[in-house]
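# Structural features, examined
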Amino acid sequence: MRKILSATIAAFVSVNATAQMMEVPEAVRVPPGHTMSMKAVGVGELTYECRAKANDAVAFEWAFVGPVARLMDASGGKELGKYYAGPTWEAADGSKVTGKQVAIAPAAPGSIPLQLVKAEPTTGNGAMSGITYIQRVNTKGGVAPGEPCAAASAGVKKQVPYQADYVFYKM
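Residues numbered from 1 in each chain as written. Predicted model: local features only at pLDDT ≥ 70, side-chain atom pairs only at ≥ 80, totals over all residues. Heavy atoms only, no water.

### Regarding the overall build of the protein chain
Of the regular secondary structure elements, the protein chain holds two helices and eight strands. Going from N to C terminus, the protein chain has its helices and strands arranged as α-α-β-β-β-β-β-β-β-β. Looking at the protein chain as a whole, 42% of its 171 residues qualify as buried. Residue pairs in contact within the protein chain that sit at least 24 positions apart in sequence constitute 60% of those at least 6 positions apart. (Helix = DSSP H or I, 4+ residues; strand = E, 2+ residues; numbered from the N terminus. Buried < 20%, exposed > 50% of the residue type's maximum accessible area, 1.4 Å probe, protein only. Contact = heavy atoms within 4.5 Å.)

Below you can see the structure in the form of structure tokens.
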């Protein structure tokens, strides 16, 4: 079953990694020597909470809480895994990767920024094994709510729909 899943995931990998790298801003490009392993479309929600600002207890803002998304193949017909707080990407085969953000770059207005994440050690054997970097590109939506956030709404959480392509790299 794992071999079939890995083959299915591999079927959605772009054959032209160099062209893909050139389409993203310098800040979120993967360092040389890493090659694209797979690509998934994340479809889900980002949660924000109305909170007092860190440096100004009388001012409030929408603070990012975390993501919940399904990782789909390019056609959107097959679920490849899930993405959740950590950040953590988990393949359907049970393998996982977490990471730390190293860079962001502006996206289209109304969309969350593009992002480069350096992977931490992966767990499990499967699609996420050996992943070194993850890019978030082609983002749509996901920005903090536009409605006011004030003391009266402190603690209120809002989910905002978003979509993004996640591109996974290995050495």
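Back to the text.
### Notes on the state of the cysteines
According to the stated counting rule, one finds one disulfide in the structure shown. The partner cysteine of Cys50 in its disulfide is Cys149, sulfur to sulfur 2.0 Å. The chirality of the disulfide connecting Cys50 with Cys149 is right-handed, given an S-S dihedral of about 100°. Of this pair, Cys50 sits in strand 1 (residues 35-53) while Cys149 sits in the loop between strand 7 (131-141) and strand 8 (157-170), placing them 99 residues apart in sequence. There is no split in this pair, since Cys50 and Cys149 are both buried. (Disulfide = S-S within 2.5 Å.)

### Brief notes about the packing of aromatic side chains
Within the structure shown, the criterion is met by five aromatic pairs. A ring pair is formed by Tyr83 and Trp89, whose centres lie 4.9 Å apart and whose planes are at 20°; its orientation type is stacked. Pair check on accessibility: Tyr83 and Trp89 agree, each one buried. Considering the side-chain rings of Tyr83 and Tyr166, the 5.0 Å spacing of their centres and the 45° angle between planes classify their relative orientation as tilted. One end of the pair, Tyr83, is in strand 3 (residues 79-84); the other, Tyr166, is in strand 8, and 83 residues separate them in sequence. (Phe/Tyr/Trp six-rings, centres within 6.5 Å; stacked < 30°, edge-to-face > 60°.)

### Quick notes on the environment of Lys157
Mapping Lys157 onto the fold places it in strand 8. When the C-alpha atoms of Lys157 and Phe64 are compared, they prove to be 9.6 Å apart, with 93 residues separating the residues in sequence. Once residues within four sequence positions are removed from consideration, Lys157 is found in contact with Thr47, Tyr48 and Glu49.

### Details of the nonpolar core
One finds Trp89, Met128, Ile134, Tyr162, Tyr166 and Phe168 to be the most contacted residues of the largest nonpolar core, which totals 26 residues. Of all the elements in the fold, those that place two or more residues in this core are strand 1, strand 2 (56-72), strand 3, strand 4 (88-91), strand 6 (114-119), strand 7 and strand 8. In this view, Tyr162 contacts Gly42, Val43, Gly44, Glu45, Leu46, Ala69, Tyr83, Ile112, Lys140, Gly141 and Gly142; residues no more than four positions away in its chain are not counted. By size, the runner-up hydrophobic cluster in this structure holds twelve residues, among which are Met36, Ala103, Ala105 and Leu114. (Core = buried A, V, L, I, M, F, W, Y, C linked by side-chain atoms within 4.5 Å.)

### Points about the pairing of strand 3
Taken together, the five bridges between strand 2 and strand 3 define a ladder with antiparallel strand orientation. Bridge pairing in strand 3 places Val68 opposite Tyr84. In this structure, the hairpin formed by strand 2 and strand 3 is closed by a connection of six residues, where Gly76 is found at a positive phi of approximately 80°. As paired elements, strand 3 and strand 4 share four bridges and run antiparallel to each other. Bridge pairing links Tyr83 to Trp89 in strand 4. As consecutive antiparallel partners, strand 3 and strand 4 are separated by three residues, and within that stretch Gly86 has a phi angle of approximately 150°, a positive value. (Pairing = 2+ DSSP bridges.)

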